[in-house]
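Take a look at the letters that make up each chain.
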Amino acid sequence: MKRTTLSLIAGATALAAVTGFAALTAPDGTAAPGAKATTRLPVERVGLVCPAPSTSEVAETLYTSYTPTGTGAAKGSPGRTGQPTALLRTAVNATPSDGTGKTGKKPKAPKVPATVTTPGKPVTAEAEGGSVPALTGSATGALAPGWTVQQTTVVPAGGARGLLGLGCGAPDTDFWFPAASTAKERQDYVHLTNPDDTAAVADIELYGPEGLLKSQFTEGIPVPAHSTVPVLLSTLTSEPARRDVTVHVTTRSGRVGAAVAAADDKLGSDWIAPAADPASTAVLPGIPADATSVRLVAFAPGDDDADLKVQLATATGTIVPAGGGSLHVKSGMTAFADLPDLTRGAVGSLLLTPSDPKKPTPVVAALQVVRGKGENTEIAFIPAAAAVAARATVADNRAKGTTLSLTAPGTDARVKVTASAGSEGGTPMSRTVTVKGGTTTVLADLAPEGLKGSYALTVEPVSGGKVHAARTLALPEDGIPMFTVQTFVDDRGTVELPTAHQDLGVLG
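Rules of the game
- Residues numbered from 1 in each chain as written.
- Predicted model: local features only at pLDDT ≥ 70, side-chain atom pairs only at ≥ 80, totals over all residues.
- Heavy atoms only, no water.
- Helix = DSSP H or I, 4+ residues; strand = E, 2+ residues; numbered from the N terminus.
- Buried < 20%, exposed > 50% of the residue type's maximum accessible area, 1.4 Å probe, protein only.
- Contact = heavy atoms within 4.5 Å.
- Areas by Shrake-Rupley, 256 points an atom, 1.4 Å probe, with all protein chains shown as cover.
- Pairing = 2+ DSSP bridges.
- Axes fitted to C-alpha atoms, helices over the stretch in contact; angles between N-to-C directions.
- Salt bridge = Lys/Arg side-chain N within 4 Å of Asp/Glu carboxyl O.
- Patch = residues over 30% accessible without salt bridge, like charges linked within 9 Å, V, L, I, M, F, W, Y side chains within 5 Å.
- Lys, Arg positive; Asp, Glu negative; His and termini not counted.
- Charge placed at Lys NZ, Arg CZ, Asp CG, Glu CD.
- Disulfide = S-S within 2.5 Å.
- pLDDT = per-residue confidence, 0-100.
- Phe/Tyr/Trp six-rings, centres within 6.5 Å; stacked < 30°, edge-to-face > 60°.

Draft legend 1. Region of the structure containing the overall build of the chain. The helix and strand tally for the chain stands at 0 helices and 38 strands. Every one of the 508 residues in the chain was classed for burial, and the buried ones make up 54%. Of the contacts formed within the chain by residues at least 6 apart in sequence, a portion of 81% connects residues at least 24 apart. Split by element, the accessible area of the chain, about 21,000 Å² in all, is 53% carbon and sulfur.

Draft legend 2. Structural detail: unusual backbone geometry. The backbone of Ala179 shows a phi angle near 80°, a positive value even though the residue is not glycine. Among the secondary structure elements, Ala179 is positioned in strand S10 (residues 174-180). Of note in this structure, His226 is not a glycine but carries a positive phi near 55°. Locating His226 in the fold gives a position in the loop between strand S14 (221-223) and strand S15 (227-232). His226 sits in the buried class, given a relative accessible area of 8%.

Draft legend 3. Spatial organisation of the sheet that holds strand S7 (residues 135-140). Overall, antiparallel pairing links the 3 strands, which are arranged S2-S7-S4 in an open sheet. Strands at the two margins of the open sheet, each flanked by one partner only, are strand S2 (45-50) and strand S4 (86-90). Along the sheet, successive strands turn relative to each other by an average axial angle of 20°, direction set aside. Both S2 and S7 contribute to a ladder of 6 bridges, which runs antiparallel. Across the sheet, Val49 pairs through a bridge with Thr136, a residue of S7.

Draft legend 4. Fine view of the sheet that holds strand S30 (residues 413-419). The antiparallel open sheet is built from 4 strands, whose spatial order is S28-S35-S30-S32. Looking at strand neighbours, the two that pair on one side only are strand S28 (392-397) and strand S32 (429-435), the edges of this open sheet. The average angle at which neighbouring strand axes cross in this sheet is 25°, direction not considered.

Draft legend 5. Seen up close, the pairing of strand S12 (residues 200-208). Of all 9 residues in S12, 7 are buried, a share of seventy percent or more. Relative to S14, S12 runs antiparallel, the two sharing 3 bridges. Following the sheet pairing, Ala202 is matched in S14 by Ile221. In the sheet, S12 pairs with strand S16 (residues 245-253) via 7 bridges, with the strands oriented antiparallel.

Draft legend 6. Region of interest: the pattern of salt bridges. Per the stated rule, a full pass over the model turns up 14 salt bridges. The partner of Asp396 in a salt bridge is Arg398, and the shortest N-O contact between them spans 2.6 Å. For Asp396, a relative accessible area of 0% corresponds to the buried category. A single salt-bridge network, built from bridges that share partners, covers Asp203, Glu219 and Arg252.

Draft legend 7. Structural detail: a negative patch on the surface. Taken together, the side chains of Asp303, Asp304, Asp305, Asp307 and Asp356 present a region of like negative charge at the surface. Counting through the fold element by element, Asp305 comes out in the loop between strand S20 (291-299) and strand S21 (306-313). The class for Asp305 is partly exposed, based on a relative accessible area of 36%.

Draft legend 8. Quick look at the state of the cysteines. In the structure shown here, the tally under the stated rule is 1 disulfide. There is a disulfide in this structure between Cys50 and Cys168, and the S-S distance comes to 2.0 Å. Given an S-S torsion of about 110°, the disulfide between Cys50 and Cys168 has right-handed geometry. Of this pair, Cys50 sits in strand S2 while Cys168 sits in the loop between strand S9 (162-167) and S10, and the two are 118 residues apart along the sequence. Of the residues examined, Cys168 reaches a relative accessible area of 7% and is grouped as buried.

Draft legend 9. Region of interest: the confidence of the model for the chain. Per-residue confidence for the chain gives a mean pLDDT of 86; residues scoring 70 or more make up 83%. Note that pLDDT drops below 50 for residues 74-81; the model gives that stretch 19 contacts with residues more than four away or on any other chain. Below a pLDDT of 50 lies the segment residues 94-110, which in the model reaches 44 contacts outside its immediate sequence neighbourhood of four places, other chains included.

Draft legend 10. Geometry of the packing of aromatic side chains. Counted according to the given criterion, the structure contains 3 aromatic pairs. For the ring pair Phe175 and Phe177, a centre distance of 6.3 Å and an interplane angle of 15° mean the geometry is stacked. In this structure, Phe175 and Phe177 share a single accessibility class: buried. Each member of the aromatic cluster is reached from another via a ring pair, and the members are Trp176, Tyr207 and Phe299.

The following block contains the structure:
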């Protein structure tokens, strides 16, 4: 990797991250007059959390920070009063993996957190080794709407070998992670990072095929302000190892960023990103064409069992996978299904719908996907993805090895796809794509003209039905088909103002 030298802004206090905040002002900066039910304004401040990328001393991590063009901060709003910023800083404290809250050794700060200075151009930065800490950050003003950070780590050797990719997430209070594991061959850590000035308290629940696992040290886990707590899942339960586990992270107070780092002794490693919120339907987009193993994991969090129809959306239509057209998910239990030879040489997306439309039952779901055979394998995870509502971006795409999958589970949809300028040069390009209902459209020729460095991909619905999207990045190394898949998560770059039904004047 090319080394970029950017200095870390000094200071022991990290940025507090405030997600989805927008000033309640009209575009001219005056108070909203109270008659526009659909008024939307750009967010003025957003926060993101990037977990510690790896414990391997040979790890190489690239951070790509990017804000898309087209949704600037409203004129006269608070985010415009000062210089717009988009900064990452370290979560300065560390705690041990048992979640007791005892302060551990302070990690070494990375030399180069990525800093955006203008919309439309990615900024990259690198860090090496296993002591790179978690990062927290925020963007304000014109850099806030759509700000995204991609964390890509290559571990060429060792037990955590693989390509690990993750879109740094917004802090929240509720997360679901199907496809985790407490099996002996797996080392799965859930990373809890608190970006705020006050402590957070988190709970972790583990659900196996027989239901809730008896756990210890899972309730009331303290996550101090500006700190990160990695928790090894297998240490949380005395029950026998489970290959398929659903993890539920909630907070009693405060907010955290959460992600699961999964490492398999034989298959490789990657991040498990949070799945979409429980819903009666699910779309898992972007299964690679050459996948040698696909395992579906689903969980029903409610009181009712779920009977799901399992279909594959291909380039030509929706089909029923051989031997895997349905899945029964008992309430409170994790279910799984192996789907051998699923894609048959073509990229596809899995669709989950109620077997009986009159009995919709919410579920969460994810896929474990393997490429390669024998010792040359690599693993990745695809969580169920919500539809892109207005706009979504995945940064850190390369000239070779980037594939975009667009899935329209219902009716035909038109979307705008924009490839940004490169981090070191290139001309941005956009195209409009029509995705037929019930199909998956694959684009692999998206690199902007004159590309140097990495670029960002932005997807914006134009008309028609819902669209779900995923980006696959493949970086083969020494015969190992290293890859990672990131689903597109709506950037929530704007917020709708509450409707004012009347003007409340001064009483007197």
